Amino acid sequence: GVGTVATILAWNFPQTSIVAIEAQAESLALARRSVQSNGLADRVELRWGDLRDPSVFSEDERFDLITSSPPYFSVNSGVLPADPQKRACRFETRGSVIDY
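Being a predicted model, the structure only gives us computed values, none of them experimental.

Novice: Requested: an account of helix α1 (residues 4-12), with residues and values cited.
Specialist: Of the residues making up α1, those classed as buried are Ala 6, Thr 7 and Ala 10. Looking down the long axis of α1, one finds its buried residues gathered within 100° of arc, a one-sided arrangement. At its buried positions, α1 is contacted by β1 (18-22), α2 (25-37) and β2 (44-48).

Written as structure tokens, this is what we have:
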């Protein structure tokens, strides 16, 4: 998304470093702006990719907490937005919640 979960975590856990993964380039750009605007660039690392893709992580990376906010509406459950960025944020166009 736009970095909301990463920002909330960074504010609530000021001693932590955060890695945030975003699959869409447009959303990643919005997340970068948000992280910069909130003064969190030194603690929040943003990566472009799919969290289900092992190449997004190094082999030795380990995390104390993993969160996710994948889209959770089935593509059959509503009117799909014409905007591809909005569509992918809201609807399961790349898999269901179970896939994540």
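Novice: Please give an account of the confidence of the model for the chain that cites residues and values.
Specialist: Residues of the chain with pLDDT of at least 70 account for 100%, and the chain-wide mean is 89. Across the chain, the secondary-structure element scoring lowest on mean pLDDT is helix α3 (residues 84-90), at 82, and the one scoring highest is β2, at 96.

Novice: Give me the lowdown on the pattern of salt bridges, citing residues and values where you can.
Specialist: Tallied over the full model, the rule gives four salt bridges. Arg 47 is the salt-bridge partner of Glu 61, the closest N and O atoms lying 2.6 Å from each other. Placement of Glu 61 in the loop between β2 and α3 and of Arg 47 in strand β2 is noted, with a sequence separation of 14 residues between them. Using a relative accessible area of 13% as the deciding quantity, one classes Arg 47 as buried. The salt bridge partner of Arg 52 is Asp 50, with a shortest N-O separation of 2.7 Å. Accessibility expressed as a relative area gives 31% for Arg 52, which makes it partly exposed. The network of salt bridges with common partners includes Glu 45, Arg 47 and Glu 61.

Novice: Tell me what's going on with the layout of surface pockets, and back it up with residues and numbers.
Specialist: Reported here for the largest pocket is a volume of approximately 1,200 Å³. Forming the walls of the largest pocket are 41 residues, and the residues nearest its centre are Val 19, Ala 20, Ile 21, Thr 67 and Ser 68. Secondary structure elements with two or more residues in the lining of the largest pocket: α1, β1, α2 and α3. Broken down by element, the lining of the largest pocket gets its largest block of residues, five residues, from β1. Of the residues belonging to the lining of the largest pocket, the class tally is 24 nonpolar, 13 polar and four charged.

Novice: Tell me about the nonpolar core, residues and numbers included.
Specialist: Core analysis: the biggest nonpolar cluster contains 10 residues, these being Ala 6, Ala 10, Ile 18, Ala 20, Leu 28, Ala 31, Val 35, Leu 40, Val 44 and Leu 46. Looking at this core, the elements with two or more residues in it are α1, β1, α2 and β2. Sorting elements by how many residues they give to this core places α2 first, with three residues. Setting aside residues no more than four positions away along its own chain, Val 44 makes contact with Ala 6, Ala 10, Ile 18 and Val 35.

Conventions we followed
Residues numbered from 1 in each chain as written. Predicted model: local features only at pLDDT ≥ 70, side-chain atom pairs only at ≥ 80, totals over all residues. Heavy atoms only, no water. Buried < 20%, exposed > 50% of the residue type's maximum accessible area, 1.4 Å probe, protein only. Helix = DSSP H or I, 4+ residues; strand = E, 2+ residues; numbered from the N terminus. Arc of directions from axis to C-beta. Contact = heavy atoms within 4.5 Å. pLDDT = per-residue confidence, 0-100. Salt bridge = Lys/Arg side-chain N within 4 Å of Asp/Glu carboxyl O. 1 Å grid on protein atoms, 1.4 Å probe; cavity = no way out; pocket = protein on both sides within 12 Å on 5 of 7 lines; lining within 4 Å. Points joined across faces, edges and corners; volume = space filled by probe spheres on them. Nonpolar A, V, L, I, M, F, W, Y, C, P; charged D, E, K, R; others polar. Core = buried A, V, L, I, M, F, W, Y, C linked by side-chain atoms within 4.5 Å.

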